[in-house]
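In case you want the letters, here they are:
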Amino acid sequence: MPQELPRAFEYGIAIDASAIDGFGDENHSDLFLRPEADTLTPLPWRPEHGRVVRMFCHITYPNGTVFECDTRSILKNAIGKAERLGYRFFFGTEQEFYLFMLDDNGNPTKEPYDHASYMDIAPEDRGENIRREVCLTLEQMGIRPERSHHEEGPGQNEIDFRYSDPLAAADNAMTFQTVVKTIARRNGLCADFSPKPLEGKPGNGFHINMSVKSSYGTDNMNDMIAGILEHAADMTVFLNPTEQSYQRFGSNKAPGYISWSSENRSQLVRVPAAIGEYRRIELRSPDPSANVYLVFALMIYAILDGMETKPKLPAPADINLYQADEDTLARFKQLPRDLKSACAAAAGSAFIQKYIPGAISDIYCRR
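None of these values were measured; they are calculated from a predicted model. (Residues numbered from 1 in each chain as written. Predicted model: local features only at pLDDT ≥ 70, side-chain atom pairs only at ≥ 80, totals over all residues. Heavy atoms only, no water.)

Asks: I keep staring at the overall build of the protein chain and nothing clicks. Help me out?
Replies: Broken down by element type, the protein chain carries 10 helices and 14 strands. Taking 21 Å as the expected radius of gyration for a compact globule of 367 residues, we find that the protein chain reaches 21 Å, a close match to that expectation. Considering only C-alpha atoms, the protein chain reaches an extent of 65 × 50 × 45 Å along its principal axes. Counting every position in the protein chain, which comprises 367 residues, the buried fraction comes to 53%. Considering only residue pairs separated by 6 or more positions, the protein chain has 71% of its internal contacts joining residues 24 or more positions apart. Accessible area of the protein chain: about 17,800 Å², with a carbon and sulfur share of 48%. Positive and negative charge centroids in the protein chain, built from 39 and 51 side chains respectively, lie 3 Å apart. (Helix = DSSP H or I, 4+ residues; strand = E, 2+ residues; numbered from the N terminus. Rg over C-alpha atoms; globule rule 2.2 N^0.38 Å. Buried < 20%, exposed > 50% of the residue type's maximum accessible area, 1.4 Å probe, protein only. Contact = heavy atoms within 4.5 Å. Areas by Shrake-Rupley, 256 points an atom, 1.4 Å probe, with all protein chains shown as cover. Lys, Arg positive; Asp, Glu negative; His and termini not counted. Charge placed at Lys NZ, Arg CZ, Asp CG, Glu CD.)

Written out as structure tokens, the structure reads:
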């Protein structure tokens, strides 16, 4: 309640962490949420009287020590390291989701809201007004969507965001999923962000666009790409954390190999056609089930590592890997093909061990 805010800001609010998977057990159950006032935003869909706001928090132990599994703090640390080295990162996100019908009891089905295809418009695209409502709601919350459209799958949609600093971009990506799910339910639908909602249809991607501004005025594009490719396999379990994630790889514009190219959407990393400040790289493997704070932190660390160690950048793969023959594909290293392989790659990686706390790795691979 409003009268509790001074206490929340000064002391934090205690929670039972043992009730949240991965946050502890009954022996060490108390953690504190410490809200950050500059993230306070009203929820436009709640009443005008007795309004509801949301805030992001960092998480600490009772003694004030930051909880090691607080991934938002992990991202803050990565941003801080980049700034100390003279680099500022910018991220823009593209998230895909399906809209499904509800049954008579209000439970989600796998019946798509429409059967439109890529870039269709109304009346075939029935999601047009849902996306419009989502975008207008986000604008009321101070979040700037850039564009929206129908995707390739039946009932599949995408909304893209203009680039911003990493922490704001991550918070906005989290808020986005909440807004989409809320607006969908208000319209009698279910929004599904899972990696592969329908067998034989396109999966949901979480494409991440990145650029770096250097205080030294250098162009680091090649080092950025090389750093990501160098650590791609080791990071995959955090970018694709579910068994279902791996059903998406290798088809419908989802990558299956560690490669890069300009514009080519069959690659892990592509350099979209753009000029000047809009020049960026796009990572195409993550899906919306990923923890965006961990993903952004790993991207920052991988790119910083690339700029420091300068691994050799492979030649661009200017071919369609979905149509390539076996001899051609044999030249490229594959992304992990399942969750077990991704966990093994992370477990043997000095890079992951350096930047991801063991407690978090255990949560992802303790299955």
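From this point, things continue past the structure.
Asks: What is the right way to read the state of the cysteines from this model?
Replies: Each disulfide is one covalent bond, formed between the sulfur atoms of two cysteines. Taken as a whole and judged by the stated rule, the model has 1 disulfide. Not part of a disulfide, Cys57 finds its nearest cysteine sulfur in Cys69, a span of 17 Å. Left unpaired, Cys190 is separated from the closest cysteine sulfur, that of Cys135, by 19 Å. (Disulfide = S-S within 2.5 Å.)

Asks: What should I look at first to understand the side chain of Thr41 in this one?
Replies: In this fold, Thr41 is placed in strand β3 (residues 41-42). Judged by relative accessible area, Thr41 falls into the buried class, the value being 10%. When near neighbours in sequence (up to four residues on either side) are disregarded, Thr41 contacts Val52, Val53, Arg54 and Met141.

Asks: What exactly am I supposed to notice about the sheet that holds strand β5 (residues 57-60) here?
Replies: Strand pairing in a sheet is mediated by backbone hydrogen bonds. Such pairs are either parallel or antiparallel. Strand order in the open sheet made by the 3 strands is β1-β2-β5, with antiparallel pairing throughout. Bordering the open sheet on either side are β1 (13-16) and β5, each of which pairs with just one other strand. Across the sheet, the mean angle from the axis of one strand to that of its neighbour is 35 degrees, orientation sign disregarded. The pairing of β1 with strand β2 (residues 30-35) spans 4 bridges and is classified as antiparallel. Considered in β2, the bridge of Asp16 is made with Asp30. (Pairing = 2+ DSSP bridges. Axes fitted to C-alpha atoms, helices over the stretch in contact; angles between N-to-C directions.)

Asks: Before we go on, may I ask you to explain the confidence of the model for the protein chain in this structure?
Replies: The predicted coordinates of low-pLDDT regions are not to be read in fine detail. On average, residues of the protein chain carry a pLDDT of 93, and 97% of them reach 70 or more. Of all the helices and strands in the protein chain, helix α7 (residues 326-329) carries the lowest mean pLDDT, 89, while strand β10 (residues 189-192) carries the highest, 98. (pLDDT = per-residue confidence, 0-100.)

Asks: Help me understand helix α2 (residues 71-84), please; the structure alone is not making it clear to me.
Replies: For an α-helix the count is 3.6 residues per turn, leaving residues at separations of three or four pointing the same way. With 14 residues, α2 ought to run about 20 Å at 1.5 Å a step, and its terminal C-alpha atoms sit 20 Å apart, in line with that. For α2, the set of buried residues is Thr71, Arg72, Ser73, Ile74, Leu75, Ala78, Ile79, Gly80 and Ala82. Among the structural elements, β5, β6 (87-102), α4 (166-186), α6 (292-309), α9 (350-355) and α10 (358-365) are those in contact with the buried residues of α2. For α2, the side-chain oxygen to backbone nitrogen distance between the N-cap and Arg72 is 3.2 Å, and the N-cap itself is Asp70. Positive phi appears at Gly86, one or two residues downstream of α2, with a value of about 95 degrees. (Expected span 1.5 Å × (residues − 1). Polar contact = N/O pair within 3.5 Å; in protein donor to acceptor, adjacent residues only side chain to side chain.)

Asks: Looking at this structure, I do not really get the side chain of Arg54. What am I missing?
Replies: For Arg54, the position within the fold is in strand β4 (residues 53-54). Here Arg54 sits buried without a salt bridge, and the closest side chain of opposite charge, Asp171, lies 6.4 Å off (N-O distance). Polar contacts involving the side chain of Arg54 include one to the main-chain carbonyl oxygen of Thr39, which spans 2.6 Å. Dropping the residues within four chain positions of it, Arg54 is found in contact with Thr39, Leu40, Thr41, Leu43 and Thr175. (Salt bridge = Lys/Arg side-chain N within 4 Å of Asp/Glu carboxyl O.)

Asks: How should the nonpolar core be read in this particular structure?
Replies: Where a protein is soluble and globular, its nonpolar side chains tend to be buried together. Among the nonpolar cores identified, the biggest contains 69 residues, and Met210 and Phe238 are the most heavily contacted of them. With 14 residues, α6 is the largest single contributor of residues to this core. Those residues in contact with Met210, other than ones at most four positions away along the chain, are Phe90, Phe91, Met224, Ile228, Arg280, Ile281, Leu283, Met299 and Ile303. (Core = buried A, V, L, I, M, F, W, Y, C linked by side-chain atoms within 4.5 Å.)

Asks: What should I look at first to understand the pairing of β6 in this one?
Replies: Working note: regular strand, side chains alternate between the two faces of the sheet. Among the 16 residues in β6, 13 count as buried, and that is most of the element. In this sheet, strand β11 (residues 206-214) lies alongside β6 in antiparallel orientation, the contact comprising 9 bridges. If you follow Phe90 over to β11, its bridge partner there is Ser211. Sheet analysis places β6 next to strand β9 (residues 156-161), joined by 5 bridges and oriented antiparallel. By the bridge assignment, Glu94 is partnered in β9 with Asp160.

Asks: Looking at this structure, how should I read the packing of aromatic side chains?
Replies: Between two aromatic rings, the relevant description is the distance of the centres plus the angle of the planes. Applying the stated criterion across every chain yields a total of 14 aromatic pairs. Their ring planes at 15 degrees and their centres at 3.8 Å tell us that Tyr301 and Tyr355 sit as a pair that is stacked. Here the residue Tyr301 occupies a position in helix α6, and Tyr355 occupies one in helix α9, the gap between them amounting to 54 residues. On the basis of relative accessibility, which here comes to 8%, the residue Tyr301 falls in the buried class. Through a chain of ring-to-ring contacts, three or more aromatic side chains come together here, namely Phe97, Phe161, Phe176 and Phe193. (Phe/Tyr/Trp six-rings, centres within 6.5 Å; stacked < 30°, edge-to-face > 60°.)

Asks: So what exactly am I meant to see when it comes to the pattern of salt bridges here?
Replies: Two side chains of opposite charge can pair, provided their charged atoms sit close to one another. All told, the structure shown has 12 salt bridges when counted by the stated rule. Arg7 is the partner of Glu4 in a salt bridge, and the nearest nitrogen-oxygen pair spans 3.0 Å. Taking the relative accessible area as the measure of exposure, Glu4 reaches 34% and is therefore partly exposed. Look at Arg7 and you get partly exposed, because its relative accessible area is 42%.

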